[in-house]
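Close look at the chain arrangement
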Amino acid sequence: MAKKSKLAARAAELEAAVAGLFTGAPAAPVKKKKKRKAKKAKVVKAAKKTAKKAKKAKKAAKKAVKKAKKKTKKR
């Protein structure tokens, strides 16, 4: 089924309301569209997570290099 344009949907609503005035039928409740959740927050969160992991890996690598240097110095 093709998606109705906003204008077409609104026109259909108004037609139904006008018809309801003459027939005495109550107007059908208007369904509100659900808002889509923002994706940006998820993307930012994921980026921060990967950055944090990279930072930890870098720190661990630095630590390993320091330890290796210390070992070679002691000999």
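Scroll up to find the structure this text is about.
This is a predicted model, so every value here is computed, not measured.

1. Things to note about the overall build of the protein
What the protein contains, in helices and strands, is two helices and zero strands. When the accessible surface of the protein is totalled, it reaches about 8500 Å², and 64% of it is carbon and sulfur.

2. Brief notes about the pattern of salt bridges
In the structure shown here, the tally under the stated rule is one salt bridge. Among the ionic pairs, Glu 13 bridges to Arg 10, the shortest N-O distance being 2.9 Å. On the criterion of helical spacing, the pair formed by Glu 13 and Arg 10 is a turn pair, its members being three residues apart in helix H1 (residues 6–23). Residue classification places Glu 13 among the partly exposed positions, given a relative accessible area of 31%.

3. Here's the deal with a positive patch on the surface
Taken together, Lys 3, Lys 6, Lys 33, Arg 36, Lys 39 and Lys 42 make up a surface patch of like positive charges. Along the chain, the position of Lys 33 falls in the loop between H1 and helix H2 (40–74). Residue Lys 33 is classed as exposed on the basis of its relative accessible area of 66%.

What counts, and at which threshold
Residues numbered from 1 in each chain as written. Predicted model: local features only at pLDDT ≥ 70, side-chain atom pairs only at ≥ 80, totals over all residues. Heavy atoms only, no water. Helix = DSSP H or I, 4+ residues; strand = E, 2+ residues; numbered from the N terminus. Areas by Shrake-Rupley, 256 points an atom, 1.4 Å probe, with all protein chains shown as cover. Salt bridge = Lys/Arg side-chain N within 4 Å of Asp/Glu carboxyl O. Buried < 20%, exposed > 50% of the residue type's maximum accessible area, 1.4 Å probe, protein only. Patch = residues over 30% accessible without salt bridge, like charges linked within 9 Å, V, L, I, M, F, W, Y side chains within 5 Å. Lys, Arg positive; Asp, Glu negative; His and termini not counted. Charge placed at Lys NZ, Arg CZ, Asp CG, Glu CD.

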